[in-house]
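Summary of structural features
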Amino acid sequence: SISTEKYNLLKSGFLMARGFAYNYNQSEFYVIDASNRQLWSFEFNQTSQTLNESGQVLINDLPHDSRSIAFDWITNKLYLLSSERLIVCDVKGHNRLVLLNETVIQEGTGLTIDPKVGYLFFTDWHYPPYIGRISLDGRNFTKIITQELGAPIALTIDTITKRIFWTDTHLKRIEFSSYNGRNRYVVMSGLAYPFALAFFNGRLYWTDRSNHSIFSANALSGQNETIIQRG
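1. Points about the packing of aromatic side chains
Within this structure, the stated rule accounts for 19 aromatic pairs. An angle of 75 degrees between the planes, with centres 6.0 Å apart, marks the rings of Tyr119 and Phe121 as edge-to-face. Look at Tyr119 and you get partly exposed, because its relative accessible area is 25%. Here Phe165 and Phe176 contribute two aromatic rings whose centre-to-centre distance is 5.4 Å and whose plane-to-plane angle is 55 degrees, an arrangement assigned as tilted. In this pair, Phe165 is assigned in strand 15 (residues 163-168) and Phe176 in strand 16 (residues 173-178), connecting sequence segments eleven residues apart. Since its relative accessible area comes to 8%, Phe176 is described here as buried. Feature note: the residues Phe20, Tyr22, Tyr24, Phe29 and Phe44 constitute an aromatic cluster, connected by ring pairs. Above the ring of Tyr130, the side-chain terminus of Lys143 is found at 4.5 Å from the ring centroid. Over the aromatic face of Phe195 sits the side chain of Arg209, whose NZ or CZ is 4.7 Å from the ring centroid.

Printed below as a string of structure tokens:
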């Protein structure tokens, strides 16, 4: 729940669940199990709010240290980010293509996409850290933010206002900017260890690895902070 501390356990047993995405068109969850280098898919029953038990392994040989995944609901493509690779494939794990490699990415951590405008954004926390943007076909790579970054980890977007939000675990804050990296603003500062990040309906939701909790606050002002899940 995004308004109470009630939750349901959907799936356990992964060695290292790192990233996940949801396919709204087919009611499927995609989960990276980094230790096994696997990409799993699970059917999601919206009525019972449960996953099918068996699941399906789509990819058995993901790049080492795969970390993030995003789903393009327009073209039905999956984008997967590891420390040194950005890969695109179809929802069955087939037709894989490397869009970016170690010549560009050193320590890739988080990614998000806006299929409506055809942009993909990702973070790289290797020194010097940056936030990058490319077209969904892998062209037009550019570093949109290179200054005043410590360790940018996770990304999320507001597709309506065309803003990107990110967590910075070194600077202990959450910021946003426009899609071109301008108009930066610090939403939250003095956080313990902000990690994963999501945006929904004008609010940010983030995990904090220091106190093992999930928080929420107004996306533009940082006000009305609440705890969604403790421990």
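2. Some remarks on the pairing of strand 8 (residues 86-90)
Across the five residues that make up strand 8, a large majority, five, are buried. Here strand 8 shows two buried faces, one formed by Leu86, Val88 and Asp90 and the other by Ile87 and Cys89. Pairing analysis gives five bridges linking strand 7 (residues 77-82) to strand 8, with the strands arranged antiparallel. By the bridge assignment for strand 8, Tyr79 is matched with Val88. Hairpin connection of strand 7 to strand 8: three residues between the antiparallel strands.

Analysis parameters
Within each chain, residue numbers correspond to sequence positions counted from 1 in written order. Two thresholds apply to this predicted model, a pLDDT of at least 70 for residue-level local features and 80 or more for giving and counting side-chain atom pairs, whereas whole-chain, interface and lining totals are computed over all residues. As a rule here, side-chain values come from all non-hydrogen atoms in the structure, and water together with hydrogens is ignored. Aromatic pairing here means that ring centres of Phe, Tyr or Trp (its six-membered ring) are within 6.5 Å. Orientation follows from the plane angle: under 30 degrees is stacked, over 60 is edge-to-face, and everything else is tilted. We call a residue buried when its accessible area falls under 20% of the maximum for its residue type, exposed when it is over 50%, and partly exposed in between, using a 1.4 Å probe and counting protein chains only. Runs of H or I in DSSP of at least four residues are treated as helices and runs of E of at least two as strands, each being numbered from the N terminus. Any Lys NZ or Arg CZ found within 6 Å of a ring centre and within 35 degrees of that ring's normal is scored as a charge over the ring. Any two strands with at least two DSSP-identified bridges between them are counted as paired.

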